[in-house]
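# A look at the structure
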Amino acid sequence: MTLALALLPFAALLALIAGLSAVPFVGLLTALSIVFVRQGGLFSLAWPVVFAAVVALIIATVPVGLLAGYEEDATPSRKAGALILALLLLVAANLTVPVGDVSFFAGSLPEFVRPVSVPAVTVALGVTFAGLATMALRSGIRRQLAGVLTACDGVLLSAVNTPDPSMAWLVGACVLLVAGAGTWLARRLSLLRERQQVPHSGKMT
Amino acid sequence: MLMAANILLFCSLAWPFLAGTVVAALVGRAGEGGESAQRQSQLAPNLSLVGLVLMVFDIPCAWWLEIHGFATQQGWMTESSLAVTGAVVLHASLVSRCFAPPRREDARALLSRDAVPFWTTGLLVLALMLSAPVARAAMLLSAPVLAVILLDTGAGCALVGWNMLRRNVTGTVLALTGLLHPNPTVSGLLTGFGMMLVSGLWPACLPSRSSPMLESVNSGEALRLAAAALITGSLLTAAPQSMEAAQAFSFLMIVAGFLTVATASLRLRVVSGEKAASLTLVSIGLAAIAVGIGEALLVDLVLFGPLLAGPWRDMKGRGQWKVACLLGLPVLGTTLLIVMVLSAIWPTVGLVLVLALTPAWKPVLRFLPSFHARMGSETSG
């Protein structure tokens, strides 16, 4: 559990550097983290957790599989700026939760945002920020789509981390919608030459 | 009466989806005939009028429920009068959109032009009515996704759609993360940043190559989404979940609103064309300030003008005078009201708002009489 959670920000940074090919790794780690964060069992109904984990696996594998036949981005990769921004945001994400503060847990938090696992809050925020930095600063739709998917993973993790089970359903559906639309647009915008020497079949959609 | 109010609310929420489906079915069939297209073009305005009337009837129901102390929350929905007023404004923009003459790029896609605004308006109204803030933010994302998938199908539109989707996804993800975060101040800040991006406030309103916010192909959709996001923000500040989060959110909205107003008024002064777009940006910034100071009805008032005038912006002829009035007068009135409210709380901030709007006075005053003079010359000639 702790290992998956600890590796998750590094996987997100890897997705920032390597692009779409590292996204399945992020998705796998996110699914593992989702399952193990909720293993403590604050509520007995496990269906939202299963749904969130399945969504994390789906958005990590299906877009990568669908986009496998298309060309890589030819645009210049602005890697350094995105990496610096992501690292800064990771530090900022770690500063958002006062870890040693006991009154933070007993304080007057609204019931539905009280986190199940406190380390998962910063990890989810860091993964989301890394994805957003990728989305904002890298160029080329495949790299940006990798950022979108990473950010979606982070939001899924933070949704599962709240005690309200409806959040997982809502955010899971929202993430599926975004991943579907992003994949569709990426297929339209990618270079339509397929890697194998298949003659053009007029597939312009 | 309670039952009647519930039924009416359900009907008015379900109506846009139903009407959009009807329009899509009938107009799609009329595309082959071509002869009945003229008759079908009257269908969408009438259906949108029915939706507006249904929504207007919801306002007294919401008032009645609130006065008599009934629970306004049923399941996932909350029928507050503020949310219903915002929904009326969105429906009015839909009516204006349906009555407006088609733009040139719309002519080839009759289906999308007529049906998609119904569906997106329905989704945005649903976002206003939902009670959980996370559900609201998630529902705000569904409308642009639908618009991008259905509208940006033409050649060369996909990149614009992707950039718009990227901005909206960034904003919504930030807002969702903020709403789910346990630290109240961080929660308010992240939600504010997300709402700034979704509603096209300061960082998103800067002129950039990749994502021109108000000049994109489906700018009507973008404007309606921005209005819905701002109204949602005003609902969030009207019923805050924690005081600190609401304070951080309001602070960020006020700052973003000031920056937007200053940018847009400078643009009005420097850039000669696109006065209507810049004025729309001014009203969006004023709406953000109104969100920040917690005046939810002022948000509806200032967004009413650009939402009604938006589809008619490209119109030539004597109607432009009305467009200019619709764009200008709510801005003027809201500025006065905001300065009045602000000068009671912080007099300096009200002064700063007046200073930020100073570069805009001269171009706007020139904007109004130019149409007047042109109209006079047309009538005389």
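Residues numbered from 1 in each chain as written. Chains lettered and ligands numbered in written order. Predicted model: local features only at pLDDT ≥ 70, side-chain atom pairs only at ≥ 80, totals over all residues. Heavy atoms only, no water.

### With respect to the overall build of chain B
For clarity, the threshold we go by: Secondary structure elements are taken from DSSP: a helix is a run of H or I of four residues or more, a strand is a run of E of two residues or more, and numbering for both begins at the N terminus. Each residue is placed in one exposure class: buried if its accessible area under a 1.4 Å probe, protein chains only, is under 20% of its type's maximum, exposed if it is over 50%, and partly exposed if it falls in between. Note on areas: these come from Shrake-Rupley sampling with a 1.4 Å probe, and a residue is covered only by the protein chains present in the view.
In terms of regular secondary structure, chain B is built from 15 helices and two strands. Per-residue burial over chain B gives 57% buried out of 381 residues. Roughly 15,500 Å² of accessible area belongs to chain B as shown, and the carbon and sulfur atoms make up 70% of that amount.

### Quick notes on a nonpolar patch on the surface
Residues and elements named next belong to chain A. The condition that has to hold: In this scheme, patches are assembled from residues that exceed 30% relative accessible area and form no salt bridge. Like charges are connected within 9 Å, while nonpolar side chains (Val, Leu, Ile, Met, Phe, Trp, Tyr) are connected within 5 Å. The salt bridge criterion pairs a side-chain nitrogen of Lys or Arg with a carboxyl oxygen of Asp or Glu, the two atoms within 4 Å.
A cluster of nonpolar residues, Trp-47, Val-50, Val-54, Ile-58, Val-62, Leu-66, Trp-169 and Leu-176, forms a patch on the protein surface that exposes about 720 Å² of accessible area. Secondary-structure elements contributing two or more residues to the nonpolar patch are helix H3 (47–66) and helix H8 (165–189). Per-element tally for the nonpolar patch: the top contributor is H3, with six residues. In this structure, Trp-169 sits in helix H8.

### A few points about helix H4 (residues 79–95) of chain A
Counting along an α-helix, one turn takes 3.6 residues, and residues three or four places apart therefore face a common direction. Residue and element names in this part refer to chain A. To keep it simple, the criterion reads: The span expected for a helix works out to 1.5 Å for each residue beyond the first. By construction, the arc corresponds to the directions joining the helix axis to the C-beta atoms. Two residues form a contact once any of their heavy atoms are found within 4.5 Å.
Helix length check: H4, at 17 residues, gives a terminal C-alpha distance of 25 Å against a target of 24 Å (1.5 Å per residue), a fit within 8%. Within H4, the full set of buried residues consists of Ala-82, Ala-86, Leu-90 and Ala-93. Buried residues in H4, looked at end-on, bunch into an arc of 75 degrees, giving them a common side. In H4, the exposed positions that point more than 90 degrees away from the buried face belong to Ala-80, Ile-84, Leu-88 and Leu-95. In this structure, the buried residues of H4 make contact with helix H1 (2–18) and helix H6 (118–137).

### Observations concerning the UniProt feature "transmembrane region" (unreviewed entry) in chain A
All names here are of chain A. Worth spelling out the cut-off: UniProt positions are given in the numbering used here, feature names are shortened, and annotations may be inferred rather than shown by experiment.
The UniProt record annotates "transmembrane region" (unreviewed entry) at residues 46–68, 80–97, 117–137, 144–161 and 167–186. Helix makes up 89% of residues 80–97 and strand makes up 0%, while its end C-alpha atoms are separated by 27 Å. Helix and strand shares over residues 167–186 are 100% and 0% respectively, and the end C-alpha atoms of the span are 28 Å apart.

### Side note on the packing of H8(A) against helix H7 (residues 158–180) of chain B
Stated precisely, the cut-off is as follows: Whenever a helix is involved, its axis is fitted only over the stretch in contact; in every case the axis is a line through C-alpha atoms, and angles between N-to-C directions fall within 0 to 180 degrees. By definition in this entry, angles of less than 35 degrees are roughly parallel, angles greater than 145 are roughly antiparallel, angles of 65 to 115 are roughly perpendicular, and the rest are oblique. Left-handed describes a crossing whose near helix is turned anticlockwise from the far helix by less than a right angle; the clockwise case is right-handed. Think of it as three bins: nonpolar holds Ala, Val, Leu, Ile, Met, Phe, Trp, Tyr, Cys and Pro, charged holds Asp, Glu, Lys and Arg, and polar takes everything else, Gly as well.
It is at 11 Å that the axes of H8(A) and H7(B) come closest, and there the two elements cross at 160 degrees. With respect to their mutual orientation, H8(A) and H7(B) come out roughly antiparallel. For the pair H8(A) and H7(B), the crossing hand works out as left-handed. On H7(B), the residues that touch A:Met167, A:Val171, A:Cys174, A:Val178, A:Ala181, A:Gly182, A:Leu185, A:Arg188 and A:Leu189 of H8(A) are B:Ala158, B:Leu159, B:Gly161, B:Trp162, B:Leu165, B:Val169, B:Leu176 and B:Leu180. Along the lines of polarity and charge, the residues of the contact of H8(A) with H7(B) split into 14 nonpolar, two polar and one charged.

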